[in-house]
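Residue strings, one per chain:
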Amino acid sequence: LLDGVYDTFNVGSFFRLGDAVGVKKIFLSGFSESPPNPKIFRASVGTVQWVDWEYVSNAKQVINSLKSFHPDLCITAVEQSENSIPLSACKLQLPQLIIVGSETHGVSKDILELCDQIVEFPMYGINNSMNVLSSAAMILGAMEFVMGNKLIK
């Protein structure tokens, strides 16, 4: 779930990442740009045609709906927060909804309240945050490492 990710390169790249790891669906919400958009199409290298997606105006409603349909769904936000845990302590299980937020403001506070866990990556350099796409790739990579090919649809 992209909660207000507005950079078209990032949005398009999420389709490419989703295709690579076999995500079932990408939800776009808030002021996220959505297809059809030539910049998203170009950044996705055409994968926007193959990865299922939906724009949702109310992300909280979608999260609650998914949770009622999949009671064992683990809802994970990638965000810096006083409640965040390191990736090493994260529950890497399926089904999993991974939420990333806007490049400037992060995941909305009302969305964070619905999460089972908030994951943060340690930063050892002078920079204090990761790119939103890089963060999602790190958690999906960890899931692939732990679960093997079980991520595939």
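Data block above holds the structure.
Residues numbered from 1 in each chain as written. Predicted model: local features only at pLDDT ≥ 70, side-chain atom pairs only at ≥ 80, totals over all residues. Heavy atoms only, no water.

J.: Sorry if this is basic, but what is going on with the overall build of the protein chain here?
T.: Helix and strand content of the protein chain: five helices and seven strands. In sequence order, the protein chain lays out its α and β elements as β-α-β-α-β-α-β-β-β-α-β-α. Rg of the C-alpha trace for the protein chain: 14 Å, near the compact-globule value of 15 Å for 153 residues, within the 12% margin. Its C-alpha atoms give the protein chain principal-axis dimensions of roughly 40 × 40 × 30 Å. Out of the 153 residues belonging to the protein chain, those deemed buried represent 46%. (Helix = DSSP H or I, 4+ residues; strand = E, 2+ residues; numbered from the N terminus. Rg over C-alpha atoms; globule rule 2.2 N^0.38 Å. Buried < 20%, exposed > 50% of the residue type's maximum accessible area, 1.4 Å probe, protein only.)

J.: Mind showing me how you'd approach the nonpolar core here?
T.: In summary, soluble globular proteins display a tendency toward joint burial of nonpolar side chains. Membership of the largest hydrophobic core comes to 26 residues, with the highest contact counts inside it found for Leu-2, Val-11, Phe-14, Phe-15, Ile-26, Val-100 and Ile-139. Listing elements by their share of this core, those giving two or more residues are helix H1 (8–21), strand E2 (26–29), strand E6 (96–101) and helix H5 (132–147). Sorting elements by how many residues they give to this core places H5 first, with seven residues. Setting aside residues up to four positions removed in sequence, Phe-15 forms contacts with Ile-26, Pro-35, Ile-40, Ser-44, Thr-47, Val-48, Val-51 and Trp-53. In terms of nonpolar packing, the next biggest core, distinct from the first, is built from 16 residues, Leu-1, Ala-59, Leu-73 and Ile-99 among them. (Core = buried A, V, L, I, M, F, W, Y, C linked by side-chain atoms within 4.5 Å. Contact = heavy atoms within 4.5 Å.)

J.: Explain the environment of Lys-25 to me, please; I cannot follow it from the model alone.
T.: On the secondary structure map, Lys-25 appears in the loop between H1 and E2. The partly exposed category is assigned to Lys-25, whose relative accessible area is 31%. Spatially, the C-alpha atom of Lys-25 lies 35 Å from that of Ile-126, the residues being 101 residues apart in sequence. With residues up to four places along the chain from it excluded, the contact list for Lys-25 reads Asp-52, Trp-53 and Glu-54. Here the side chain of Lys-25 touches Glu-54 through a polar contact of 2.8 Å, side chain to side chain. (Polar contact = N/O pair within 3.5 Å; in protein donor to acceptor, adjacent residues only side chain to side chain.)

J.: Could you clarify how one ought to interpret the sheet that holds strand E1 (residues 2–3) in this entry?
T.: Read from one edge to the other, the open sheet built from seven strands follows the order E3-E2-E1-E6-E4-E7-E5, with strand pairing classed as parallel. One side of each edge strand has no neighbouring strand; the edge strands of this open sheet are strand E3 (53–56) and strand E5 (85–86). As paired elements, E1 and E6 share two bridges and run parallel to each other. Bridge assignment links Leu-2 to a residue of E6, and that residue is Val-100. Here H1 sits on the sheet and contacts E1, E2, E3 and E6; the angle it forms with E2, its principal contact strand, is near 165°. (Pairing = 2+ DSSP bridges. Axes fitted to C-alpha atoms, helices over the stretch in contact; angles between N-to-C directions.)

J.: Sorry, what's going on with the side chain of Ser-44 here?
T.: Residue placement: Ser-44 occurs in helix H2 (residues 38–44). Overall, the relative accessible area of 0% leaves Ser-44 in the buried class. Polar side-chain contacts of Ser-44 include one of 2.9 Å to the backbone oxygen of Phe-41. For Ser-44, the contacting residues outside a window of four places in its chain are Gly-12, Phe-15 and Arg-16.

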